[in-house]
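An overview of the molecular structure
One letter stands for each residue in the lines below.
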Amino acid sequence: MRIDDHGFRIDLPTPWEGAVSSGQVSRTVSERAARRGLTVQTPPVLHLSSTQMPSLRGDFGSGAVDLLTAGDAFIAVVEYGTEVLGTATFDTGPMPRRLNSRDFQPNGLQRQIPGQAGYQHFCTENGRPLCLYVVIGATHQARRLTRQVNTILPRLEIASR
């Protein structure tokens, strides 16, 4: 599977799948912004998974991570607005392309799911403020799943906006 959308490019091996989406803004927020002469921007989100993903997912994979088995991994690359560029949170260099199994912790999850572990890293790559969020399906499979994730991350190209 090949993805080339919103400046995210990757060729995924089987059985991995992926999708790029833009966050949704409520009508109330859009109307409030319009009254102030502002436009609400919804930066893109890239989701990659070693298993089939549901069509409805939260930015950090809610809905998808719930379906991970012990042998699966999920990757989200969430882009933020340009207003955060240069802040300490995002001033960590480019997105890592190689992780260590010790990087994954149960308390690294957005929402704790028994047996799973997560990793989160804020960064800026090619002028784009990003959060890399990775979930592995089982802590007891951390080494194997980290190797799997490490075959995917180096394939990801992030173009400047």
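The structure reproduced in this document is the subject of the present report. None of these values were measured; they are calculated from a predicted model.

Another aspect to go through is the pattern of salt bridges. Inspection of the entire model under this criterion finds six salt bridges. When the shortest N-O distance is used, the salt bridge between Asp4 and Arg9 registers 3.3 Å. Classification of Arg9 as partly exposed rests on a relative accessible area of 27%. The salt bridge involving Arg161 is made with Glu79; its shortest N-O contact spans 3.6 Å. Here Arg161 is found in the segment after strand 8 (157-158), whereas its partner Glu79 is found in strand 5 (residues 73-79), with 82 residues between them in sequence. With relative accessibility at 8%, the residue Glu79 sits in the buried group. One salt-bridge network, held together by shared partners, links Glu79, Arg128 and Arg161.

Here we take up the pairing of strand 1 (residues 2-5). Two faces, one strand: in a regular strand the side chains alternate between the faces of the sheet. Note that strand 1 and strand 2 (residues 8-11) share four bridges and pair antiparallel. Along strand 2, the bridge assignment pairs Ile3 with Ile10. Here strand 1 folds back onto strand 2, and the loop between the two strands holds two residues, one of which, His6, carries a positive phi near 55°.

Let us now look at the sheet that holds strand 7 (residues 128-136). Adjacent strands of a sheet pair through backbone hydrogen bonds, lying either parallel or antiparallel. With antiparallel pairing, five strands are arranged side by side in an open sheet as 3-4-5-7-6. The two strands at the open ends of the sheet, each matched to only one other strand, are strand 3 (17-22) and strand 6 (117-125). Along the sheet, successive strands turn relative to each other by an average axial angle of 15°, direction set aside.

Residues Arg102, Arg143, Arg144 and Arg147 make up a contiguous surface patch of positive charge. Residue position: Arg144 is located in helix 2 (residues 142-152).

What follows concerns the packing of aromatic side chains. Across all of its chains, the model carries five aromatic pairs by this definition. Ring centres of Phe60 and Tyr133 lie 5.5 Å apart, and the angle between their planes is 80°; on these two criteria the pair is classed as edge-to-face. Residue Phe60 is found in the loop between strand 4 (44-49) and strand 5, and its partner Tyr133 is found in strand 7; the two are separated by 73 residues along the sequence. When the centroid spacing of 5.4 Å and the interplanar angle of 85° are considered together, the rings of Phe90 and Phe122 count as edge-to-face. Here Phe90 is found in the loop between strand 5 and strand 6, whereas its partner Phe122 is found in strand 6, with 32 residues between them in sequence. Members of the aromatic cluster, connected to one another through ring pairs, are Tyr80, Phe90 and Phe122. The side chain of Arg128 reaches across the aromatic face of Phe8, ending 4.7 Å from its centre.

Here we come to the environment of Glu17. Mapped onto the fold, Glu17 is located in strand 3. Leave out the neighbours within four places in its chain, and Glu17 touches Met1, Leu12, His47, Leu48, Ser49, Thr51, Gln52 and Met53.

Basis of the calculations
Residues numbered from 1 in each chain as written. Predicted model: local features only at pLDDT ≥ 70, side-chain atom pairs only at ≥ 80, totals over all residues. Heavy atoms only, no water. Salt bridge = Lys/Arg side-chain N within 4 Å of Asp/Glu carboxyl O. Buried < 20%, exposed > 50% of the residue type's maximum accessible area, 1.4 Å probe, protein only. Helix = DSSP H or I, 4+ residues; strand = E, 2+ residues; numbered from the N terminus. Pairing = 2+ DSSP bridges. Axes fitted to C-alpha atoms, helices over the stretch in contact; angles between N-to-C directions. Patch = residues over 30% accessible without salt bridge, like charges linked within 9 Å, V, L, I, M, F, W, Y side chains within 5 Å. Areas by Shrake-Rupley, 256 points an atom, 1.4 Å probe, with all protein chains shown as cover. Lys, Arg positive; Asp, Glu negative; His and termini not counted. Charge placed at Lys NZ, Arg CZ, Asp CG, Glu CD. Phe/Tyr/Trp six-rings, centres within 6.5 Å; stacked < 30°, edge-to-face > 60°. Lys NZ or Arg CZ within 6 Å of the ring centre and 35° of its normal. Contact = heavy atoms within 4.5 Å.

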